[in-house]
Amino acid sequence: MERRGATAAAAALGALGRRLLWALPAYAAGLLGLGAGAVLLALALYAGWRRRRRARERGLRLAARLQHDEEAAVRAAAAAAGLGAARGELPAWVTFPDVERAEWLNKVLAQAWPFFGRYMEKLLVENVAPAIRASNTHLQTFAFTKVDMGEKPLRVLGVRSHPGTHKQQILLDLNISYVGDVQIDVEVKKFFCKAGVKGMQLHGMLRIILEPLLGDVPIVGALTMFFIRRPTLDINWTGMTNLLDIPGLSSVSDTMIMDTIASYLVLPNRLLVPLVPDLHEAAQLRCPLPRGVVRVHLRGARDLQSKDRFMRGLVEGKSDPYAVLRVGTQVFTSRVIDDNLNPTWDEVYEFIVHEVPGQEIEVELFDKDPDQDDLLGRMKLDFGEVLKARVLEEWFPLQDGGRGRLHLRLEWLTLMSDASKLDEVLQRNRTVAAKPDPPSAAILVVYLDRAQELPLKKSGKEPNPMVQVSVQDVTRESKVVYNTASPVWEDAFRFFLHDPARQDVDIQVKDDTRQSSLGSVSVHLSRLLEAPELTLRQPFPLERAGPRSRLYMTLVLRVLFLDAPESGGGGGPPPAPPGQLDLRPGAGAAGSSTDRPSKASPDPQFGTENVLRIHLLEAENLVAKDNFLGGMVRGKSDPYAKVRAAGRAFRSRVVKEELSPRWNEVYEVIVDNVPGQDVEFDLFDKDIDKDDFLGRCKVPLRRVLSSRFVDEWLPLEEVKSGRLHVRLEILEPCPSAALLEQVLRTNSLIQPARGEELSAALLSVFVDRAADLPVRKGSKLPAAYASLAVRDVSVKTKTCAPSTEPMWDEGFSFLVKRPHVESLELQVKDEGGQPLGALSLPLPQLLASEALAVDGWFPLAGGGPGGQVLLRAQLGVLASQHSGVAAGSGGDPEPQDAEPQREEESGAGGQLRQRLAPAESRAEPAEAPLGRLQLTLWYHADERKLVAIVHACRKLKPVSKDLPDPYVSLVLLPDKSRATKRKTSVQRKTLNPDFNEKFEWDVSPEEAARRKLEAHVKSAASFMSREKEALGKLHLDLAQVDLSEGGAHWYELRDERSSP
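Rules used in this analysis
- Residues numbered from 1 in each chain as written.
- Predicted model: local features only at pLDDT ≥ 70, side-chain atom pairs only at ≥ 80, totals over all residues.
- Heavy atoms only, no water.
- UniProt positions renumbered as here; feature names shortened; annotations may be inferred.
- Buried < 20%, exposed > 50% of the residue type's maximum accessible area, 1.4 Å probe, protein only.
- Helix = DSSP H or I, 4+ residues; strand = E, 2+ residues; numbered from the N terminus.
- Pairing = 2+ DSSP bridges.
- Axes fitted to C-alpha atoms, helices over the stretch in contact; angles between N-to-C directions.
- Arc of directions from axis to C-beta.
- Contact = heavy atoms within 4.5 Å.
- Salt bridge = Lys/Arg side-chain N within 4 Å of Asp/Glu carboxyl O.
- Phe/Tyr/Trp six-rings, centres within 6.5 Å; stacked < 30°, edge-to-face > 60°.
- Lys NZ or Arg CZ within 6 Å of the ring centre and 35° of its normal.
- Lys, Arg positive; Asp, Glu negative; His and termini not counted.
- Core = buried A, V, L, I, M, F, W, Y, C linked by side-chain atoms within 4.5 Å.
- Patch = residues over 30% accessible without salt bridge, like charges linked within 9 Å, V, L, I, M, F, W, Y side chains within 5 Å.
- Areas by Shrake-Rupley, 256 points an atom, 1.4 Å probe, with all protein chains shown as cover.
- Charge placed at Lys NZ, Arg CZ, Asp CG, Glu CD.

The name recorded for the chain in an unreviewed UniProt entry is Extended synaptotagmin-1, from Apteryx mantelli. We quote the UniProt Sequence similarities (unreviewed entry) comment for the chain here in full: "Belongs to the extended synaptotagmin family."

Right, here's the structure in full:
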């Protein structure tokens, strides 16, 4: 009884201790002065770690059970068939698909596994631990406290044999799987730190090459081992390394370990185990010549999944796809295409292929997100299929990608040991539109063997030599060999070459500890083109080294030739996307009969943008936010609006002390048809400290694109009251120069008093490539980019890899205010800012072209003699269908025999002025004795203003011998006060002045109909006379004028003394 009571008391104390232990983090946080947020963060990290740890343990148990159940199921089936499997043996003919069972090997491994564990324990305790303790003074108490390789051995699930590339080679593929209960614990007693591993999974395909085969014992000269693809790894950490199981750190830790394994055992890296001494082929076996090179054209994708969702999934957006292409350790990442489920990349990558069959290309598509990128699908393809077809172009279905398809073109490039096809390869590469880098013409392999008699350090000590091998901008480094003047590296490096006749390989031998030079050598690759089999094997004397310093290496060059019909034409156009017809002319042709394309090749989406014109009119019944005396005195608000659309943001002016403000401001933005976009409006009250929120509203952009015009009062959300009046219009670019005059005239009428000038056209420019750029001093190729500017808006392309023929393949759009006088300025520069050429393209040249577009090669000025750029530029006129100006109201024709109109604009009196395009000359109207005045009269309903534009006068009659200095004064009768008078600027010494000035009066439409407008044309007073000379007048009854038309009309001037 006493014992039972003691046990119960101990259990109660234990439960109490555990509960107190749960309170320990809160106590520690209070002791350290941390807040509740730190405690919650710690609890969240602990919960994530615990969940991930349980998932790992569950995965290990499931994998072990699956492995056991698979074997048990096969044995049970064999026993049921009476095949004598009672003793745990399987018949020799029981196999898995495509592989041969190796149960005898698994039995050997199972029996030898305990002895392997003893060897590992002895190795770690007697060799590794002392080395770790000697490496750092803080690790002097480091020790392995437990090394147990467990009872579950490594298993070989199957063996597949392949014929080698020659008779002295045997290839074996081992599908290995290790689901082990390994436990390794370490401890650093000085810091009370314990860590370890308990359980691990490793799965992958290990290739073993027996080469060379000898005619003497041991028959095989060496074993070469490597993983064809990155194996999968999962580790269960213990102790302090439990931190690596925290979400976020877990993937990083596993990735770091996999990168370490890949640096030794994943192609192109190999583990070489020589079985005979003095193996001369060690470097070639460790890094043999590739079997070939595969050029992968990443075309595009279709029907990708939408991963971007808003409002918790209620609103479905698109995705921002990019591609990751992986072949062993060779990894490339494409650019991100924003908001597109049918992206087009048109990028080219080149992969070195060593083992065929076996090596695969894996392409994964992801949706770019700020936090974690979402998988959109993946595909794999064995390079053996590419080797058979030579050129393979298909739409590949995506795994885990729904109906998604990926468009790839893969070309097998053969390695040729002679230069007879080099010119043909270079010729073809000029026609390949490759980005981000130009296509390669050859591959260089540098076998670094050894060096002899390197110079010693100043202290007389031997150096720690390492080698840097560079070709153009790519540099590789060898390992460091310590304390020797005659190091042996037995290493190899590979480089892609764009033009081997013009490139060099530079080698520098350095002392690793001080990075001081021990010698260098530079080899012109043109020497290899003349060498037998494009191979140079000799000792190279080192410059700036000892007199007998030598570097022993072998340089091997191989030309990359596409051995396919018509140089890889592919026999026809590429396959069309699923459910679509590809109508592009010449699609799929890999080459061309000409050196360069004559036309640019923009994406299908190029030039399809529209312009959204946002008219922010007014608001009413806003919430009053300005209160005084603690709210006892209720004030108003000082509202302003923020507008966001298509990535652009605008802000209106502040209207002081108004709950029903009127802004009447216009904003323009270039938009495309991408779902999920909104036009958003946020209203605020301007304050000294923090602006108060007055409400928000939005309009889906898809709705505006479908209806083309929206004019609504929108209720404000998240506030008690208020609504906003906006007008949204889609302007579709039209390739018609005949519309330009009407558009400019309409814009001059509806132009708000505040804000930027309205756009009259949309300019789309596609910059394809450049050619024959000048080479900088020192024969280094320029890394070029192009900058484009229209007025004060400028953009620039990416910077290409060094080349005289960079390919940008990028499109841009510009809003153009006055296409009849503006121009496109293009400059090509290198990455240092040095100009390589410039182009000025006047937009009137586009207006005179068919379909308002030009496409072709344009010479670059200020660079080399033959520098040129390939681009397409197209202009679209933006005609508003809901401006309030009567369509087709072109007004009266201009009288002929007039002076040319001035290009300059005159400024006067702070009034708003708008330059119009010159009208076309038509039949001359009847003669007027005193001349004529051209006016536009229009009532702007949105602004509630009467608008008058004074365009020009023609054939004025001089009143003296000297030419007059005319101007026009306007008076809105019957009032003749200062508020109703307006006056243009003065034009000097002319009888045909051009004004093009706009004036406004704040009157209601009823009031405007009752008014009369009087215009007086006068000559400014000269310095001598001080008198203003009257040249004529005009009297108009506005009730007789159609103020809704907005057309420009010519009116005959009358004598000043005549009656109205």
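Moving on from the coordinates now.
1. Some details on the pairing of strand β42 (residues 853–859)
With 5 of 7 residues buried, β42 is to be regarded as a mostly interior element. Pairing of β42 with strand β43 (residues 868–877) involves 7 bridges; the strand directions are antiparallel. Its bridge partner being in β43, D855 is matched across the sheet by R872.

2. Notes on unusual backbone geometry
Cis geometry marks the peptide bond from L973 to P974; its omega dihedral reads 15°. Relative to the elements of secondary structure, P974 occurs in the loop between β46 (966–973) and β47 (981–983). Its identity as a non-glycine residue notwithstanding, R544 has a phi of 55°, on the positive side. Position of R544 among the secondary structure elements: in the loop between β24 (535–541) and β25 (550–562).

3. Remarks on the sheet that holds strand β29 (residues 639–645)
In a beta sheet, neighbouring strands pair by backbone hydrogen bonds and run either parallel or antiparallel. Taking strand neighbours across the sheet as the criterion, the 4 strands line up as β30-β29-β32-β33 in an open arrangement whose pairing is antiparallel. Among the strands making up the open sheet, the edge pair consists of β30 (648–651) and β33 (692–700). The sheet shows a mean angle of 15° between the axes of neighbouring strands, direction not considered. Relative to β33, strand β32 (residues 678–685) runs antiparallel, the two being bridged by 8 bridges. By the bridge assignment for β33, L683 is matched with G695.

4. As for helix α7 (residues 422–429)
Looking only at α7, the buried set comprises L422, V425, L426, R428 and N429. Down the axis of α7, the buried set is contained in an arc of 165°. They therefore lie on one face. On its buried face, α7 sits against β8 (292–302), β17 (405–416), α8 (526–530) and β25.

5. Some points on the pattern of salt bridges
This structure, assessed with the given rule, holds 41 salt bridges. With a shortest N-O distance of 2.7 Å, R409 and E411 are connected by a salt bridge. In this structure, R409 and E411 share a single accessibility class: buried. E718 serves as the salt-bridge partner of R696, at 2.9 Å between the closest nitrogen and oxygen. On the criterion of sequence distance, the pair formed by R696 in strand β33 and E718 in the loop between β34 (709–715) and β35 (723–731) is long-range, its members being 22 residues apart. Residue R696 is classed as partly exposed on the basis of its relative accessible area of 30%.

6. Examining the packing of aromatic side chains
One pass over the full model with this rule turns up 9 aromatic pairs. Their ring planes at 20° and their centres at 5.0 Å tell us that F650 and Y667 sit as a pair that is stacked. Of this pair, F650 sits in strand β30 while Y667 sits in strand β31 (residues 662–671), and the two are 17 residues apart along the sequence. For Y667, a relative accessible area of 8% gives the class buried. What links up through ring pairs into an aromatic cluster is the set W113, F116 and Y178. Lying across the ring of Y552, R450 places its NZ or CZ 3.9 Å from the centre. A cation over a ring is seen here: K642 above F684, with NZ or CZ 5.1 Å from the ring centre.

7. Considering the side chain of D185
For D185, the location among the structural elements is in strand β3 (residues 170–188). K146 provides the closest opposite charge to the buried, salt-bridge-free D185, at an N-O distance of 5.5 Å. In this view, D185 contacts A143, F144, T145, K146, A195, G196 and T238; residues no more than four positions away in its chain are not counted.

8. Quick word on the sheet that holds β46
One open sheet accounts for 4 strands, arranged β47-β46-β49-β50; its pairing is antiparallel. At either margin of the open sheet sits one strand with a lone partner, and together these are β47 and β50 (1029–1037). Strand-to-strand, the axes of this sheet are offset by a mean angle of 15°, without reference to chain direction. Looking at chain direction, β46 and strand β49 (residues 1012–1019) are connected through 8 bridges and run antiparallel. Bridging across to β49, L970 finds its partner in A1015.

9. A short note on the nonpolar core
Residues L444, V505, L551 and L555 are the most contacted members of the largest nonpolar core, which totals 38 residues. Secondary structure elements with two or more residues in this core: α7, β18 (442–452), β19 (465–471), β21 (488–497), β22 (504–511), β23 (516–524), β24 and β25. No other element matches the 6 residues that β25 contributes to this core. Setting aside anything within four residues of it in sequence, one finds L555 in contact with L444, V445, V446, V505, V523, L528, L534, T535, L536 and F540. Of all hydrophobic cores here, the second largest spans 37 residues; its members include A760, V816, L839 and F858.

10. A few points about a negative patch on the surface
Negative charge collects at one region of the surface, where E121, D148, E151 and D181 lie side by side. In this structure, D181 sits in strand β3.

11. Concerning the pairing of strand β4 (residues 193–210)
Taken together, the 17 bridges between β3 and β4 define a ladder with antiparallel strand orientation. Looking at β4, one finds that I184 is bridged to V197. With 5 bridges connecting them, β4 and strand β5 (residues 222–227) associate as antiparallel partners. When the bridges of β5 are listed, I208 appears paired with M225.

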